[in-house]
Amino acid sequence: MFLAPQIDMERTGQRIRKLCVINGYSVRELQKYLLIGCPQSIYNWYHGKTLPSLDHLFALSMLLHVPMNWLLVAEPSVCRQQQKRRFARIPQMRRMDSYRHMGGQTGRCISRA
């Protein structure tokens, strides 16, 4: 069963806060840049109570020079599940590689005369 990834709000807020601190942006500067009326919204992001809107996420990614998806942190259980699915395919890939090393050709049909 495949579960859709979910965002870890607390770790996402920590990541946004860390990037803002590293780049030297205060909450007031973010508030002005994002045209937010109240700085409490930004504090709520930092503490994992809410997430930025898509528009604010895009603006933050531009301001902090990182891709939007890098600002978001997935729940660890979903990451482990996807990692297991990815590693489950490795033995199959190894078999295909060994077949190629033995002179086999994968990916196209071979006609026999």
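Residues numbered from 1 in each chain as written. Predicted model: local features only at pLDDT ≥ 70, side-chain atom pairs only at ≥ 80, totals over all residues. Heavy atoms only, no water.

Asker: So what exactly am I meant to see when it comes to the overall build of the protein chain here?
Answerer: When its secondary structure is counted, the protein chain shows seven helices and zero strands. Along its sequence from the N terminus, the protein chain presents helices and strands in the succession α-α-α-α-α-α-α. The buried share among the 113 residues of the protein chain stands at 27%. A separation of at least 24 residues holds for 63% of the contacts in the protein chain among residues at least 6 apart in sequence. In the form shown here, the protein chain has an accessible surface area of approximately 8,600 Å², with 56% of it arising from carbon and sulfur atoms. (Helix = DSSP H or I, 4+ residues; strand = E, 2+ residues; numbered from the N terminus. Buried < 20%, exposed > 50% of the residue type's maximum accessible area, 1.4 Å probe, protein only. Contact = heavy atoms within 4.5 Å. Areas by Shrake-Rupley, 256 points an atom, 1.4 Å probe, with all protein chains shown as cover.)

Asker: Please explain the environment of Ile 16 as it appears in this structure.
Answerer: One can find Ile 16 in helix H1 (residues 9–22). Note on Ile 16: relative accessible area 0%, which makes it buried. In this structure, the C-alpha to C-alpha distance between Ile 16 and Ser 61, residues 45 residues apart in sequence, is 9.5 Å. With near-sequence residues (within four places) excluded, Ile 16 lies in contact with Tyr 46, Pro 52, Leu 60 and Leu 71.

Asker: Help me understand the nonpolar core, please; the structure alone is not making it clear to me.
Answerer: Nonpolar side chains in soluble globular proteins tend to end up buried together. Leu 30, Ile 42, Tyr 46, Leu 60 and Leu 71 are the most contacted members of the largest nonpolar core, which has 17 residues in total. Of all the secondary structure elements, the ones that give two or more residues to this core are H1, helix H2 (27–34), helix H3 (40–46) and helix H4 (54–64). Looking at this core element by element, the count peaks at five residues for H4. If near-sequence neighbours (up to four positions away) are discounted, Ile 42 is found in contact with Val 27, Leu 30, Gln 31 and Ile 36. (Core = buried A, V, L, I, M, F, W, Y, C linked by side-chain atoms within 4.5 Å.)

Asker: What am I meant to see in H1 here?
Answerer: One full turn of an α-helix is made of 3.6 residues, so residues set three or four places apart face in the same direction. For H1, with 14 residues, the first-to-last C-alpha span of 20 Å sits near the 20 Å given by 1.5 Å per residue. Considering only its buried residues, H1 is in contact with H2, H3, H4 and helix H5 (68–71). Here H1 starts with a cap whose side-chain oxygen sits 3.3 Å from the backbone nitrogen of Glu 10, and that cap is Asp 8. Residue Gly 24 follows H1 closely and has a positive phi angle near 80°. (Expected span 1.5 Å × (residues − 1). Polar contact = N/O pair within 3.5 Å; in protein donor to acceptor, adjacent residues only side chain to side chain.)

Asker: Could you clarify how one ought to interpret the pattern of salt bridges in this entry?
Answerer: When their charged atoms lie close together, side chains carrying opposite charge are able to pair. For the coordinates displayed, the defined rule picks out one salt bridge. A salt bridge links Asp 8 to Arg 11, with the nearest nitrogen and oxygen atoms 3.8 Å apart. (Salt bridge = Lys/Arg side-chain N within 4 Å of Asp/Glu carboxyl O.)

Asker: How should I be thinking about the confidence of the model for the protein chain in this particular structure?
Answerer: Per-chain confidence: the protein chain averages 79 in pLDDT, with 65% of residues scoring 70 or above. Below a pLDDT of 50 lies the segment residues 95–102, which in the model reaches five contacts outside its immediate sequence neighbourhood of four places, other chains included. (pLDDT = per-residue confidence, 0-100.)

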